[in-house]
Amino acid sequence: MSEETCDVVIIGAGPTGLSAARRLRRAGRGVIVLEARDRVGGRTWTEHIDGQMFELGGQWISPDQTALLALVDELGKETYPRYRDGDSVYIAPDGTRTVYSGEMFPVGESARTEMERLIGLLDELAARIGPQAPWDAEDAAELDSISFHHWLRQQSEDELACENIGLFVAGGMLTKPATTFSALQAILMAASAGSFTNLVDDHFILDRRVVGGMQSVSVQMAEELGSDIVRLQQPVRRIEWSETGVSVSTDDLSVSAQQAIVAVPPNLYSRISYSPPLPRLQQIFHQHQSMGLVIKVHATYDTPFWREDGLCGTGFGASRLVQEVYDNTNHGEEQGTLVGFISDVNADAMWALDEETRRTKILEALAEFLGPKALDPRVFYLSDFGAEEWTRGAYATSYDLGGLHRWGPFQNDPVGPIHFASSDIAAEGYQHVDGAVRIGTATAERILGEKS
Ligand code: FDA
């Protein structure tokens, strides 16, 4: 076991850990980043599959994600807009396919009115409650004790409106069934994106991508830090701590430091053993933040054929196997790429199938939106973060029903010299790369005494 010393040891080389390391290095602090995988970037992962570049993890940036946009700019990287010229496709619960333009799904007048009313209601709640401390709202306990599914049905008797609004947070963001997370958690999601209106607006929320892929942001930060600082294939197993410092151990390395930042997703906090054990509060609430599950479907075709049909590639269907599909053609490529999402129970069902049946069912689901040409991709691949030991789900973690108001107030508290940072406990940019950059930088600034 080799032994090393630094000022701050960081566990995890995702965008949170690397942003923290970068900020601390700028202030002249000695830093070591220990990363379990053989690559940096965590849940951002740009990979070539059969010669085709895919964004297996996080990729989109919205205009309000100014911390990430500033970082991308500072690193000298370019962004480009998602292709969205043309009409979208909506598939109703009875399977009816409608081509439409504009923001609102082409549903009947009453469902449309109800959807607009629910969006307005959620906008008001998001504006009032905000992303910083949703647990402080006077009705926080009440909103945290009812599932988003049941809360929607308390507000409206229109089942289609409830299902469509539920999709934006359940399948679309938290990737858990709407019965399993609270209305308060849904409001936090909206507040962290600026408003519920922003969440339902794919032009806003899925605005831009990074040329060369989102992982390149982390790769470049790691290159700047250097391999003396960022150590790969170093899964942290144990943290020994006292009020004055930490000793962090992997299988073959022990790093002593004054402080540590645990920059791993909250569902993995308990995979590390702490000596002495963490206080009762952390031991309890670390069990109540769990990952959602989504399959990100990638399919590349010789051409973006849907554009010839006047379609932009966007499709929605809250009751379908693939609930959302978008044109995900990479910058400068002639071949066309689609990305689709299959979440929670539908993802379980897909992983239970053999590979050939799974592929057939998923391609048929894409074809429902964009026609039979979708059945025959040149390259087809499914992102499987559920099978990744150092993530265990996608996109991010959220609390059980009732957990956000009960434990949220403590989630950012350090324990002695141990700080916890993750996009999943960020306020603005919650569950996104932008939140990772914000909380990584803010945690470093707290250590530097620049932030309370
Ligand atoms: P992240 O999980 O990225 O990094 C944590 C790091 O810690 C990992 O590298 C891991 O290997 C390491 N680690 C874990 N345990 C360890 C241990 N014991 N020892 C050492 N290292 C350890 N966001 C967005 O802004 N736009 C988007 O379009 C999407 N889309 C999206 C799709 C998919 C499929 C996923 C999975 C995620 C997204 N996201 C996203 C979310 C985004 O990717 C996520 O919010 C950030 O990557 C979080 O960054 P963190 O650094 O906090 O965690």
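What you are looking at is a predicted structure, and each value in this text was computed from that prediction instead of being measured.

Asker: Run through the site of the ligand, naming residues and quoting values.
Answerer: Around the ligand sit 35 residues, and of these Thr16, Glu35, Arg43, Val236 and Ser423 come closest. Between the ligand and arginine 37 there is a distance of 2.9 Å, counted from an oxygen atom to a side-chain nitrogen or oxygen. The backbone of valine 433 places a nitrogen or oxygen atom 2.9 Å from an oxygen atom of the ligand. In isolation the ligand offers 1000 Å² of accessible surface; the protein chains occlude 98% of this area. Elements with a minimum of two residues in the shell around the ligand: α1 (15-26) and α16 (433-447). Class assignment of the residues belonging to the shell around the ligand gives a composition of 18 nonpolar, 14 polar and three charged.

Asker: Describe in detail the UniProt feature "binding site: substrate" (unreviewed entry) in the protein, supporting the description with residues and values.
Answerer: Summarizing the sequence annotation, UniProt attributes the feature "binding site: substrate" (unreviewed entry) to Phe341 in the numbering used throughout. Looking at where phenylalanine 341 falls in the secondary structure, it is placed in strand β20 (residues 336-343).

Asker: Before we move on, can you summarise the environment of glycine 213 with the specific residues and values?
Answerer: Along the chain, glycine 213 turns up in the loop between β9 (208-210) and α10 (215-225). When its relative accessible area of 0% is taken as the criterion, glycine 213 is described as buried. Through-space distance from the C-alpha of glycine 213 to that of arginine 307 is 23 Å; in sequence the pair is 94 residues apart.

Asker: Break down the sheet that holds strand β15 (residues 273-275) for me, with residues and values.
Answerer: Here we have five strands laid out as an open sheet, ordered β1-β13-β12-β11-β15, and mixed in their pairing. Strand pairing shows two members of the sheet lacking a second neighbour, β1 (2-5) and β15, which therefore form its edges. In this sheet, adjacent strand axes meet at a mean angle of 20 degrees when their direction is disregarded. In the sheet, strand β11 (residues 238-242) pairs with strand β12 (residues 245-249) via five bridges, with the strands oriented antiparallel. The residue of β12 that forms the bridge with glutamate 240 is serine 247.

Asker: Which residues make up the packing of helix α6 (residues 159-174) against helix α7 (residues 183-192), and what values do they have?
Answerer: Across the interface, α6 lies against α7 with an axial gap of 10 Å and an inter-helix angle of 75 degrees. With respect to their mutual orientation, α6 and α7 come out roughly perpendicular. Packed against α6, whose contacting residues are Val169, Met173 and Leu174, the element α7 presents Gln185, Ala186 and Met189 at the interface. Tallied by class, residues from the contact of α6 with α7 come to five nonpolar, one polar and no charged.

Asker: I'd like a rundown of the UniProt feature "binding site: FAD" (unreviewed entry) in the protein, residues and numbers included.
Answerer: The sites that carry the UniProt feature "binding site: FAD" (unreviewed entry) are, in the present numbering, Thr16, Glu35, Ala36 and Val236. Structurally, threonine 16 can be placed in helix α1. Residue classification places threonine 16 among the buried residues on the basis of a relative accessible area of 6%. In contact with threonine 16, not counting residues within four places along its chain, are Ala263, Ala421, Ser422, Ser423, Ala436, Ile439 and Gly440. For alanine 36, the position within the fold is in the loop between β3 (31-34) and β4 (46-49). Its relative accessible area of 19% is what places alanine 36 among the buried residues. For alanine 36, the residues in contact, after removing those within four places along its chain, are Gln233, Gln234, Pro235 and Trp390.

Asker: Help me get a handle on the sheet that holds strand β8 (residues 97-100), residues and values and all.
Answerer: With mixed pairing, seven strands are arranged side by side in an open sheet as β8-β7-β18-β19-β20-β17-β21. The sheet is open, and its two borders are formed by β8 and β21 (379-383), each paired with just one other strand. With direction set aside, neighbouring strand axes in the sheet form an average angle of 20 degrees. Where strand β17 (residues 294-301) lies against β21, five bridges are found, and the strand directions are antiparallel. The partner of alanine 299 across the bridge, within β21, is phenylalanine 380.

Asker: Can you break down the confidence of the model for the protein residue by residue, with the values?
Answerer: Across the protein, pLDDT averages 97, with 100% of residues at or above 70. Across the interfaces of the predicted complex, the ipTM metric reaches 1.00, alongside a pTM of 0.98.

Asker: Go over the packing of aromatic side chains, please, and point to the residues and values.
Answerer: Here the structure, examined in full by the defined rule, presents 16 aromatic pairs. Within the aromatic cluster, the residues linked to one another by ring pairs are Trp60, Tyr90, Tyr100, Phe105, Phe168, Phe316, Tyr326, Phe341 and Tyr395. The ring centre of tryptophan 60 lies 5.8 Å from the NZ or CZ of lysine 296, which sits over that ring.

What counts as what
Residues numbered from 1 in each chain as written. Predicted model: local features only at pLDDT ≥ 70, side-chain atom pairs only at ≥ 80, totals over all residues. Heavy atoms only, no water. Near = heavy atom within 4 Å. Polar contact = N/O pair within 3.5 Å; in protein donor to acceptor, adjacent residues only side chain to side chain. Areas by Shrake-Rupley, 256 points an atom, 1.4 Å probe, with all protein chains shown as cover. Helix = DSSP H or I, 4+ residues; strand = E, 2+ residues; numbered from the N terminus. Nonpolar A, V, L, I, M, F, W, Y, C, P; charged D, E, K, R; others polar. UniProt positions renumbered as here; feature names shortened; annotations may be inferred. Buried < 20%, exposed > 50% of the residue type's maximum accessible area, 1.4 Å probe, protein only. Pairing = 2+ DSSP bridges. Axes fitted to C-alpha atoms, helices over the stretch in contact; angles between N-to-C directions. Parallel < 35°, antiparallel > 145°, perpendicular 65-115°, else oblique. Contact = heavy atoms within 4.5 Å. pLDDT = per-residue confidence, 0-100. Phe/Tyr/Trp six-rings, centres within 6.5 Å; stacked < 30°, edge-to-face > 60°. Lys NZ or Arg CZ within 6 Å of the ring centre and 35° of its normal.

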